[in-house]
Amino acid sequence: MGISIQEAIQLPVMSKTKLVAGFDGMNNIIKWVTIVEVIEDIDRLQEGEFLITTGFGLMESEEKRSQFHKLLSNKKLSGVAMYTGFYLREIPQSFIDIANRSALPLLEIPTDINFSVITKAILEQIVNNQFRMFEHSINIHKEFTRLVLDNQGIQAITETLSRLTDGSIVLFDADASIVSDRIVHDAVRRIGQDRLLLFSEPLQPPFEQQLLHSNDHESEYTISLYPVMANQTNYGWIAAIKDKERWKDIDQIAVEHAATVYAIEFLRHKAILDTEIRFQGEFLDQVLSKNFTNKAEVIERGKKLGFDPSGSQAVLQIKVENLPPDLERRTLDDMLDRLYQVVNQTMNKHNRQFLLRNRLDGCVVLMGTGSKGAAPEAAEEASLLAVRDIADKWSVFYPEHPLRIGIGKSYTDLADLAKSAQEAHRALVFAKLLHKPKSVVHYDDLGLYHFLIQMQELGMDLRQFAEEQLGALMQNKRQGADLLQTLETYLYHNQSLHVTAAELFIHRHTLKYRLNQIEKKTRRNLQSSEDRLKLEIAIMAYKLTVSSEEL
């Protein structure tokens, strides 16, 4: 909001001054004028100050001259004007050399120009600029406020900001996806739906450093990256791109005003979204609890929420792992908001309809699994791909808190969705029982655990069965655990000695020894398919009972 050195030396009062060095710094902005005759403490001078001095004592003291050299080279000042004729006959060559290297304009002032005349002329221009800037700022504020009050939406804000700055504007959400844009530069263009090509390079999240790197001295553009904040939460970023020589302070002010109204729009959208999720949650509760008598009414209600429940659908149980018990509620709410965004974006990307209900540590999702013209197997695989995509995208933002997702079977009858929810819950809970645990587990992945879970629920004592088959392996806890792991791995890999030894990181002779011990302790023959099946079921029964006791 000051004036440049170029503007200052064009003032009538500066007509007799002479620019002797620092020609590359003509665009430096003067924020204030400071008159110092005896330069002692250079640290007191502020960023952007224009220093006027007589240079008193500089030629008599090596220490003062050294300090002044340091002041000229630290690139803090906007420029320096030195009187010649009082204490300096001419400006020393060392001052000129340093000013040239530092791109610091250095002016020579004759003695017939008064201090106060120069100071008054420059400060008047600075104050006038500040007043004009204030008027522009008020007008910008009014224009953006009108857009919000007239409910014009985010795109109208973007187009207005682009017009006010005469630059390219891109609004990103917190996930670095493009929400809105108006591009007026050939060096900037969209790639697909949510990515930006900037100076021939794709912009990748997190993109802050990449954008800042684009602002180096070789670039012909200025890129202003400004956060959209509300309630101490980052909802997105504004990237304003403009030719470097045409970028003005008022452009940055316009971006800052736009950030405020963008934040209002994001908060408005969040309020609507929270209401939608609440309605979706109430609908899901009704469907999954079978609390309805008229299916046609439920289908119509689902359609009003943007979901047609007359087709094929399945229930997902999604849990955020490794949440600390003392996690702040605000942080958890932010994570659940992000989870909804990830689910929403991924489902839209895969053309899947869905409804969602938040839970304390994740969410429940009803997902459409049918695909037009696709065979059921292909549709199921496409749905599984979408769910895996959710887990992958989430891991970008919270790698230390991965998702575990259980998927129930697909059903077309509303009355069966409660069964899908139960299956999804079982897949979620018992996923860790699998020999190769996965973050995304379909109920069918549980295999024989289906039957064991049902038998357990019917009252069968699975632990007794497991101990009858494996009890001898458990006499020595350390050795028994090793033998159980060895047996499970051996059976999982279809009795392959080579693969089993490699996975357990043991020699094949050690593996053979362990297998002999297993046969002796269990009195089973590992070459017998019947004995292997009994042992495999016993291991699964044991793991299921231990897992159930830990719940």
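Summarised in this report is the structure supplied together with it. These numbers come from a predicted model, not from an experiment.

1. Points about the side chain of His401
Here His401 shows up in the loop between α10 (376–397) and β18 (403–407). According to the relative accessible area criterion, His401 is buried, its value standing at 12%. Not counting residues up to four positions away in its chain, the partners in contact with His401 are Val320, Glu321, Asn322, Leu323, Pro324, Met335 and Trp394.

2. Some words on the pattern of salt bridges
Considering all chains together, one arrives at 23 salt bridges under this definition. A salt bridge links Asp166 to Arg246; the shortest N-O distance between them is 2.3 Å. Here the residue Asp166 occupies a position in the loop between α5 (154–165) and β8 (168–173), and Arg246 occupies one in the loop between β14 (233–243) and α7 (249–288), the gap between them amounting to 80 residues. Under the relative-accessibility criterion, Asp166 is labelled partly exposed at 41%. Using a relative accessible area of 33% as the deciding quantity, one classes Arg246 as partly exposed. A single network of salt bridges, built from pairs that share partners, joins Asp166, Asp243 and Arg246.

3. Overview of the pairing of β8
Among the 6 residues that make up β8, 6 are buried, leaving the element largely enclosed by the rest of the structure. A two-sided burial pattern is seen for β8, the buried positions comprising Ser168, Val170 and Phe172 on one face and Ile169, Leu171 and Asp173 on the other. Of the pairings in the sheet, the one linking β8 to β14 comprises 6 bridges and is antiparallel in character. The partner of Leu171 across the bridge, within β14, is Ile238. By the bridge criterion, 4 bridges tie β8 to strand β9 (residues 178–182) in an arrangement that is antiparallel. Counted as the bridge partner of Leu171 is Ser180 from β9. Here β8 folds back onto β9, and the loop between the two strands holds 4 residues, one of which, Ala176, carries a positive phi near 70 degrees.

4. A closer look at the pairing of strand β16 (residues 354–359)
The pairing of β16 with strand β17 (residues 362–368) spans 6 bridges and is antiparallel. By the bridge assignment for β17, Phe354 is matched with Met367. Hairpin connection between β16 and β17: a loop of 2 residues separates the two successive antiparallel strands.

5. Digging into helix α4 (residues 115–149)
Its 35 residues place the ends of α4 51 Å apart at the C-alpha level, agreeing with the 51 Å of an ideal helix rising 1.5 Å per residue. One or two residues past the end of α4 sits Asn151, with phi positive at roughly 55 degrees.

6. Quick look at the environment of Leu171
If you trace the backbone, Leu171 turns up in strand β8. A relative accessible area of 0% places Leu171 in the buried class. Taking the C-alpha atoms as reference points, Leu171 and Glu328, 157 residues apart in sequence, are found 29 Å from one another. Setting aside residues no more than four positions away along its own chain, Leu171 makes contact with Ile154, Ser177, Ile178, Val179, Ser180, Val228, Trp237, Ile238, Tyr262 and Phe266.

7. A word on the nonpolar core
Ranked by internal contacts, the top residues of the largest apolar core, which has 28 residues, are Leu316, Ile318, Leu339, Val343, Val365 and Ile405. Where this core is concerned, the elements lending two or more residues are α7, β15 (313–320), α9 (329–349), β16, β17, α10 and β18. It is α9 that provides the largest number of residues to this core, a total of 8 residues. In this structure, Leu339 is in contact with Ile318, Val320, Gly362, Cys363, Trp394 and Leu403, ignoring residues within four places of it in sequence. In this structure, Ile140, Phe144, Ile238 and Ala254 belong to the second largest nonpolar core, which totals 27 residues.

8. Remarks on helix α8 (residues 295–304)
Along an α-helix, a turn takes 3.6 residues, which lines up residues three or four apart on a common side. Looking only at α8, the buried set comprises Val298, Ile299 and Gly302. Within α8, the buried residues cover an arc of 100 degrees as seen down the axis, which keeps them to one side. Seen from the buried face of α8, the exposed residues on the opposite side, beyond 90 degrees, are Glu297 and Lys304. In this structure, the buried side of α8 is in contact with α7. Its side-chain oxygen 3.0 Å from the backbone nitrogen of Ala296, Asn294 forms the N-cap of α8. Two residues or fewer past α8, Gly306 is found with a positive phi of approximately 85 degrees.

9. Section: the packing of α5 against α7
For the pair α5 and α7, interaxial distance at closest approach is 10 Å and the crossing angle is 175 degrees. The angle between the axes of α5 and α7 places the two elements in the roughly antiparallel class. Where α5 approaches α7, its residues Ile154, Ile157, Thr158, Leu161, Leu164 and Thr165 are matched on the opposing element by Asp251, Ala254, Val255, Ala258, Val261, Tyr262 and Glu265. For the contact of α5 with α7, the residue count by class is 9 nonpolar, 2 polar and 2 charged.

10. Considering the sheet that holds strand β19 (residues 440–442)
Ordered in space as β16-β17-β15-β18-β19, the 5 strands form an open sheet in which the pairing is mixed. Two strands close off the open sheet at either side, each with one partner strand: β16 and β19. Pairwise comparison of adjacent strand axes, ignoring direction, gives a mean angle of 15 degrees for this sheet. Together, β15, β16 and β17 form the strand contacts of α7, whose direction differs from that of β16 by roughly 95 degrees. Sitting on the sheet, α9 touches β15, β16, β17 and β18, and the angle it makes with β16 is about 165 degrees.

11. Considering a nonpolar patch on the surface
Judged by side-chain polarity, Leu448, Phe451, Met455, Met460 and Leu533 come together as a nonpolar surface patch covering roughly 430 Å² of accessible area. Along the polypeptide, Phe451 turns up in helix α12 (residues 449–457).

12. A closer look at the packing of aromatic side chains
Any two aromatic rings considered together are summarised by their centre-to-centre distance and by the angle between their planes. Under the counting rule described, the total for this entry stands at 6 aromatic pairs. An angle of 15 degrees between the planes, with centres 6.1 Å apart, marks the rings of Tyr235 and Phe266 as stacked. Of this pair, Tyr235 sits in strand β14 while Phe266 sits in helix α7, and the two are 31 residues apart along the sequence. Accessibility expressed as a relative area gives 10% for Phe266, which makes it buried. The ring of Phe279 has Arg278 lying over it, and the distance from NZ or CZ to the ring centre is 4.8 Å.

13. Quick look at the sheet that holds strand β4 (residues 32–35)
The strand order across the open sheet formed by 5 strands is β2-β7-β6-β5-β4, and the pairing between neighbours is mixed. Only two strands of the sheet have a single partner each, and these edge strands are β2 (18–21) and β4. Averaged over neighbouring strand pairs, the angle between their axes works out to 25 degrees when direction is ignored. By the bridge criterion, 4 bridges tie strand β6 (residues 79–83) to strand β7 (residues 106–109) in an arrangement that is parallel. Its bridge partner lying in β7, Val80 is registered against Leu106. Strands β2, β6 and β7 of the sheet are contacted by helix α3 (residues 93–101), whose axis makes an angle of about 80 degrees with β2.

Parameters and conventions
- Residues numbered from 1 in each chain as written.
- Predicted model: local features only at pLDDT ≥ 70, side-chain atom pairs only at ≥ 80, totals over all residues.
- Heavy atoms only, no water.
- Helix = DSSP H or I, 4+ residues; strand = E, 2+ residues; numbered from the N terminus.
- Buried < 20%, exposed > 50% of the residue type's maximum accessible area, 1.4 Å probe, protein only.
- Contact = heavy atoms within 4.5 Å.
- Salt bridge = Lys/Arg side-chain N within 4 Å of Asp/Glu carboxyl O.
- Pairing = 2+ DSSP bridges.
- Expected span 1.5 Å × (residues − 1).
- Core = buried A, V, L, I, M, F, W, Y, C linked by side-chain atoms within 4.5 Å.
- Arc of directions from axis to C-beta.
- Polar contact = N/O pair within 3.5 Å; in protein donor to acceptor, adjacent residues only side chain to side chain.
- Axes fitted to C-alpha atoms, helices over the stretch in contact; angles between N-to-C directions.
- Parallel < 35°, antiparallel > 145°, perpendicular 65-115°, else oblique.
- Nonpolar A, V, L, I, M, F, W, Y, C, P; charged D, E, K, R; others polar.
- Patch = residues over 30% accessible without salt bridge, like charges linked within 9 Å, V, L, I, M, F, W, Y side chains within 5 Å.
- Areas by Shrake-Rupley, 256 points an atom, 1.4 Å probe, with all protein chains shown as cover.
- Phe/Tyr/Trp six-rings, centres within 6.5 Å; stacked < 30°, edge-to-face > 60°.
- Lys NZ or Arg CZ within 6 Å of the ring centre and 35° of its normal.

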